[in-house]
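Geometric and topological summary
Here's the letter readout for the chains.
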Amino acid sequence: MRRSTAPSRTPLLPRTLGLALLLAVSLWCGVALGASGIGATEVGRFLWAGLTGGTVHARDAAAYTIVWEIRLPRVVLGAIVGAGLASVGVAVQAMVRNALADPFVLGISSGAAVGANAVILLGAFAGLGVWALSLSAFASALAAMVLVYAVARSPQGLTPLRLILTGTALAYGFEAVTTVMVFGAARGEAARSAMMWLLGSLGGASWAQVPLAAVTVAAGWTWLRRRAESLNALAMGDETSAALGVRPGRLRRELFLVTAAVTGTVVAVSGAIGFVGLMVPHVVRMLVGADHRRVLAVAPLAGAVLLVWADILSRLLLAPAELPVGVITAVVGVPAFLLLMRRGGYSFGGR
């Protein structure tokens, strides 16, 4: 199937600025929309007071808390998580040369789920207080990363096939451990909380979680952008990339560490939100072409917009109850992905 070169000739700046504007509007909507019925004027006044250190009337204290301490960190964290998942989705698909790969194919999110559910269901690490869930999920994600790397590594290096097979196999093992914990839970509410986390939720977002997630995602994206040319070479195969001066084995190890760190961090604060890292890279390639320099410039913005709106819908559809964000991304992602597959002019991965 021949690939159209039109997206590669499309000016990148207008689309990047358009997505940035859309993200700004989405962030505003994420803060303004909610079940509490706070008006847009009040939202703007509360945000201005929070940003400038101003004061609000005592009668508005509850509404101010909802806007500044609940909605705003949730929306900001959602944008960070969406940007991180989209960025590492691009990286993973280049790393394993598989257009159906996403950040969770390495088994890291399933490993994080073991640690998170140990806290939710068993009360592990209770001494860590509010940090128990995030730290436990991140630590178990890193442990899963080390295990996947140790098992997948061979005398030939870290090959794509071994990496996919090892990550998939260990993911099933981690999920089995998580299932046993859920079914063995003594409290039904704890099991419900565990399922919410497994499907992804931003309900527990706070300002304390934002800095680490933002720094990790920004550092990972910056590194990926600097290696965009190498990713272009790696996507063409190990022999071709070696001929172009890229060491595929070393680059793949570096990519594995970067994607594992970013994935572990965002999963620790948001749970296992699927489909963002799988779908966004394909949509972005349709818009700007397969060049990783262009894809990585746009993918974080697209991922952020998608997840912010998925979170808005998760809060509004059954208000005051809340749906897991992963349910919304799957409902949107499945038909969108099927439509992509049926497009006659599109070849996954740009090839």
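Quick note: structure is the one above.
Below, the structure is looked at part by part. (Residues numbered from 1 in each chain as written. Predicted model: local features only at pLDDT ≥ 70, side-chain atom pairs only at ≥ 80, totals over all residues. Heavy atoms only, no water.)

**Examining the overall build of the protein**
- The number of helices and strands found in the protein is 15 helices and zero strands.
- By the compact-globule yardstick of 20 Å for 351 residues, the protein fits well, its C-alpha radius of gyration being 21 Å.
- For the C-alpha atoms alone, the extent of the protein along its principal axes is close to 70 × 50 × 35 Å.
- With 351 residues in all, the protein has 52% of them scored as buried.
- When contacts within the protein are restricted to residue pairs at least 6 apart in sequence, long-range pairs at least 24 apart make up 76% of them. (Helix = DSSP H or I, 4+ residues; strand = E, 2+ residues; numbered from the N terminus. Rg over C-alpha atoms; globule rule 2.2 N^0.38 Å. Buried < 20%, exposed > 50% of the residue type's maximum accessible area, 1.4 Å probe, protein only. Contact = heavy atoms within 4.5 Å.)

**Concerning the packing of helix α5 (residues 108–122) against helix α12 (residues 248–270)**
- Look at α5 against α12: their axes get within 10 Å of each other, and the N-to-C directions meet at 40°. Viewed along their axes, α5 and α12 adopt a mutual orientation that is oblique. Crossing of α5 against α12: the hand is right-handed. Between α5 and α12, the contacting residues are Ile108, Ser109 and Ala112 on the first element and Ala260, Thr263, Gly264 and Val267 on the second.
- Here the contact of α5 with α12 is composed, by residue class, of four nonpolar, three polar and no charged. (Axes fitted to C-alpha atoms, helices over the stretch in contact; angles between N-to-C directions. Parallel < 35°, antiparallel > 145°, perpendicular 65-115°, else oblique. Left-handed = near helix turned anticlockwise from the far one by under 90°. Nonpolar A, V, L, I, M, F, W, Y, C, P; charged D, E, K, R; others polar.)

**Remarks on the side chain of serine 201**
- Mapped onto the elements, serine 201 comes out in the loop between α8 (188–199) and α9 (210–226).
- A polar contact is formed between the side chain of serine 201 and the backbone nitrogen of glycine 203, at a distance of 3.1 Å.
- Not counting residues within four places of it along the chain, the set of residues in contact with serine 201 comprises Met196, Val269, Ser270, Glu322 and Val325. (Polar contact = N/O pair within 3.5 Å; in protein donor to acceptor, adjacent residues only side chain to side chain.)

**Some details on α12**
- Here α12 is 23 residues long and its end C-alpha atoms lie 32 Å apart, about the 33 Å a rise of 1.5 Å per residue gives.
- The element α12 is largely enclosed, with a buried count of 17 among its 23 residues.
- Once α12 finishes, glycine 271 follows within two positions and takes phi at roughly 80°, a positive value. (Expected span 1.5 Å × (residues − 1).)

**Some words on helix α4 (residues 61–96)**
- Across its 36 residues, α4 extends 51 Å between first and last C-alpha, which sits within 8% of the 52 Å expected from 1.5 Å per residue.
- Considering bend angle alone, the principal kink of α4 is centred on arginine 71 and spans about 35°; proline proline 73 follows within four residues of it.
- Judged by how many residues are buried, α4 sits mostly within the fold: 29 of 36 residues are covered.
- Downstream of α4 by one or two residues, arginine 97 has phi in the positive range, about 50°. (Bend = angle between axes of the 7 residues up to and from the residue.)

**As for the environment of alanine 218**
- Topologically, alanine 218 is positioned in helix α9.
- The class for alanine 218 is partly exposed, based on a relative accessible area of 40%.

**Let's talk about a nonpolar patch on the surface**
- Taken together, the side chains of Phe125, Leu128, Trp131 and Leu135 define a hydrophobic patch exposed on the protein surface, amounting to about 400 Å² of accessible area.
- With respect to the helices, strands and loops of the structure, phenylalanine 125 is situated in the loop between α5 and α6 (132–152). (Patch = residues over 30% accessible without salt bridge, like charges linked within 9 Å, V, L, I, M, F, W, Y side chains within 5 Å. Areas by Shrake-Rupley, 256 points an atom, 1.4 Å probe, with all protein chains shown as cover. Salt bridge = Lys/Arg side-chain N within 4 Å of Asp/Glu carboxyl O.)

**Re the side chain of asparagine 232**
- For asparagine 232, the location among the structural elements is in helix α10 (residues 228–235).
- We classify asparagine 232 as buried; its relative accessible area is 15%.
- Within the structure, the side chain of asparagine 232 is placed 2.9 Å from the side chain of aspartate 291, a separation counted as a polar contact.
- Contacts of asparagine 232, omitting those with residues within four sequence positions, involve Ala290, Asp291, His292 and Arg293.

**A word on the packing of α4 against helix α13 (residues 276–288)**
- Close contact between α4 and α13 brings their axes to 8 Å; oriented N to C, the two are set at 75°. What the angle tells us is that α4 and α13 run roughly perpendicular. Of α13, the residues touching α4 (which contributes Gly82, Leu85, Ala86, Gly89, Val90 and Gln93) are Val276, Gly277, Leu278, Val280, Pro281, His282 and Arg285.
- Of the residues assigned to the contact of α4 with α13, the class counts are seven nonpolar, five polar and one charged.

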